Amino acid sequence: MRRASSFVIAVSALLGVCASSCDAASDGSTEQRSAAPKALVLEPCRIADPIGTSAITAECGTLRVPEDPARPDGRQIGLFVARVPAISRRKQPDPLFVIAGGPGMASSEFFASVAPAFARIQRNRDIVLVDQRGTGRSNALNCELVDEALWQAHEEVIAAEAERCLTALGTRADVKFYTTSIAVQDLERVRTAFGYERINLYGVSYGTRVAQHFVRRFPDRVRSIILDGVVPPEVALGPDLALHAEAALERILARCERAPECRERFGDPQRIYRELRAQLAEEPIEVVLPDPTTGEMRRLEFTELHLATALRLATYSADQASLLPLSLYMAQHDHDFVPLAAQFLLTSRSLEEQLAYGMHNAVVCTEDVPFFEVTDEDRARLAQTYLGTAAVDMLLTVCGSWPRGMMDPDLHAPLVSDVPALLLSGGDDPVTPPLYAEQAMKGLSNAVHVSLAGMGHGQVVAPCVDRVMAQFLEQAAPKKLDISCTQRVTPPPFFTSLAGPAP
């Protein structure tokens, strides 16, 4: 679903049941299905971020693996693998595997977009990137969908588009085999192919689920883990995320009200937000603006759903959140919706370019949606948030016809491990709040949790976090980690005009 803007609000609410073939393993898991990996030949290459603004020199190759682990002689798919070699000739023997989020983002593209944050680590360690099956250059599960028409579509239209996507993918993939339980087996094949005895793992957002499940399946192969934007294994992402998103937005606007310059400029930003929501609920606003990526003039009927998407994606980043009070004020007070509309177009398009929605559906329709428990009381609470019930309803509709894939029975069991772990959270994260990391910490006996006040989703590029991660990997001793620099990290000041923050 490469261009499915109608699904942005749903997938941005996630990172982000077993098929009959799951019982092929005698212990109920997929672990016993792994076979010895074939040779992995690497050649010089360059990897780039989704929009091609940055590129990294690496060594790349393709590892052929069976799509269905129970049928090693069946259809094969290629896993795209890249290694960014350590700079030091006396490098450490254990590399860092970087696992992207989404679900649906390619690890190679994610790494290229944040590579400077890993520069300290690369001095002494190889960095290994595996595009998870169904993403990037690993048989990406992408579909073309009608775009703007789906914004106001009924459930029948959304369901039909999901089925059309599924039919198109069926010519080259069986989506039941693109889940977390099989992805960790792929990572183990890559580790074996390289000959690494043990590895370190960095996972962000949905990637933290993958990292934790790898620890569960292969505990003796993991030296340490970094979990950034933590999803506890027992959490099925979905219904609570609208509540977390609303709470994060309220904290951001309250922070503006506490800042003298922001309060003087905007007054009560939460009142402005509520009035704007009510206005758009009554009637959409027609906005004419230059497309932020092409410069061509566009006409957009800006609805409450567009506002929800703009708010959702803006709160992911503290930098984007610093623009929110100004954008909301200009729309509500000056009737100028161009900043909000431009933010919507820019951020939603970026998300669409990064995610393989077929793989996203394969994961959430197996690992999350089947575990939704939404009562009438829950729906009433969700209806009070800016996301409302739209995200949950869209996912339920899409997954109504999407087949459930292979899932280990213990995927959602709490992880109990003494593997050294560093957990990172943003105080204003709209997806994985710090309480999620605290929940995951209950089973991790050798871990430290760092929460950065006022920051959003994913801390890898936050100030000083690169030093903390490098020190953690060097020592693998969470209790001795110096995290004092993180206590001095503050979010950017709020813009009081288009020229920037107040002087």
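## A short note on the overall build of the chain
Looking only at helices and strands, one finds 18 helices and 13 strands in the chain. The buried share of the chain, reckoned over its 503 residues, is 60%. When the accessible area of the chain is evaluated, it comes to approximately 19700 Å², of which 50% is carbon and sulfur surface.

## A closer look at the pairing of strand E5 (residues 127–130)
Because side chains alternate across E5, one face comprises the buried residues Ile127 and Leu129, and the other comprises Val128 and Val130, equally buried. The sheet contact formed by strand E3 (residues 76–84) and E5 spans 4 bridges and is antiparallel. Each bridged residue has a counterpart across the sheet, and for Val84 the counterpart in E5 is Ile127. Bridging between strand E4 (residues 96–99) and E5 involves 3 bridges; their strand directions are parallel. In the strand pairing of E5, Val98 is matched with Leu129.

## Points about the environment of Pro103
With respect to the secondary-structure elements, Pro103 resides in the loop between E4 and helix H2 (107–114). Measuring from C-alpha to C-alpha, the distance between Pro103 and Ser205 comes to 8.5 Å, with 102 residues separating the pair along the chain.

## A closer look at the state of the cysteines
One covalent bond between the sulfur atoms of two cysteine residues makes up a disulfide. With the rule as written, the count across this model stands at 5 disulfides. Between the sulfur atoms of Cys256 and its disulfide mate Cys262 the distance is 1.9 Å. Because the torsion about its S-S bond is -85 degrees, the bridge between Cys256 and Cys262 counts as left-handed. The residues Cys256 and Cys262 share a single accessibility class, namely buried. Put simply, Cys365 and Cys399 are joined by a disulfide, and their sulfur atoms are 1.9 Å apart. Looking down the S-S bond of the Cys365 and Cys399 bridge, the torsion is -80 degrees, so its handedness is left-handed.

## So, the pattern of salt bridges
Taken as a whole, this structure holds 23 salt bridges when the rule is applied. Where Arg125 meets Asp94, a salt bridge forms, and the shortest distance between an N and an O atom there is 2.8 Å. With Arg125 in the loop between helix H3 (119–122) and E5 and Asp94 in the loop between E3 and E4, this pair connects stretches of sequence that are 31 residues apart. A salt bridge links Arg255 to Asp428; the nearest nitrogen and oxygen atoms lie 3.4 Å apart. Separated by 173 residues along the polypeptide, Arg255 in helix H7 (residues 241–258) and Asp428 in the loop between strand E10 (421–426) and helix H17 (434–441) bring together distant segments of the chain. Taken individually, Arg255 and Asp428 each receive the classification buried, so the pair is uniform in this respect. One salt-bridge network, held together by shared partners, links Asp94, Arg125 and Arg223.

## Quick word on the sheet that holds strand E11 (residues 447–452)
Spatial strand order, E1-E2-E3-E5-E4-E6-E7-E10-E11: 9 strands in an open sheet with mixed pairing. Because the sheet does not close on itself, it has two edges, and the strands there are strand E1 (43–48) and E11. In this sheet, neighbouring strand axes are inclined to one another by 25 degrees on average, regardless of whether the strands run parallel or antiparallel. Contacts between helix H5 (residues 180–194) and the sheet are confined to strand E2 (55–66), E3, E4, E5 and strand E6 (199–204), with E2 contributing the most and set at about 110 degrees to the helix. Lying on the sheet, helix H18 (residues 465–475) is in contact with E4, E6, strand E7 (222–228), E10 and E11; it crosses E7 at an angle near 160 degrees.

## Considering the pairing of E11
The buried fraction of E11 amounts to 5 of the 6 residues, a majority that puts the element mostly inside the structure. Alignment of E10 against E11, held across 6 bridges, turns out to be parallel. For Ser425, the partnering residue across the bridge sits in E11 and is Ser451. What joins E10 to E11 is H17, and the crossover it makes is right-handed.

## Here we look at unusual backbone geometry
Negative phi characterises most residues that are not glycine, and trans characterises most peptide bonds. The omega angle of the peptide bond from Gly102 to Pro103 is -10 degrees, so this bond is cis rather than trans. With phi around 55 degrees, Ser205 is a residue other than glycine that occupies positive phi space. Looking at the element boundaries, Ser205 is found in the loop between E6 and helix H6 (206–217). Positioned with a positive phi, Ala476 is a non-glycine residue whose angle comes to about 50 degrees. One can find Ala476 in the loop between H18 and strand E12 (495–497).

How each quantity is defined
- Residues numbered from 1 in each chain as written.
- Predicted model: local features only at pLDDT ≥ 70, side-chain atom pairs only at ≥ 80, totals over all residues.
- Heavy atoms only, no water.
- Helix = DSSP H or I, 4+ residues; strand = E, 2+ residues; numbered from the N terminus.
- Buried < 20%, exposed > 50% of the residue type's maximum accessible area, 1.4 Å probe, protein only.
- Areas by Shrake-Rupley, 256 points an atom, 1.4 Å probe, with all protein chains shown as cover.
- Pairing = 2+ DSSP bridges.
- Disulfide = S-S within 2.5 Å.
- Salt bridge = Lys/Arg side-chain N within 4 Å of Asp/Glu carboxyl O.
- Axes fitted to C-alpha atoms, helices over the stretch in contact; angles between N-to-C directions.
- Contact = heavy atoms within 4.5 Å.
- Right-handed = clockwise from strand over helix to strand, strands pointing away.

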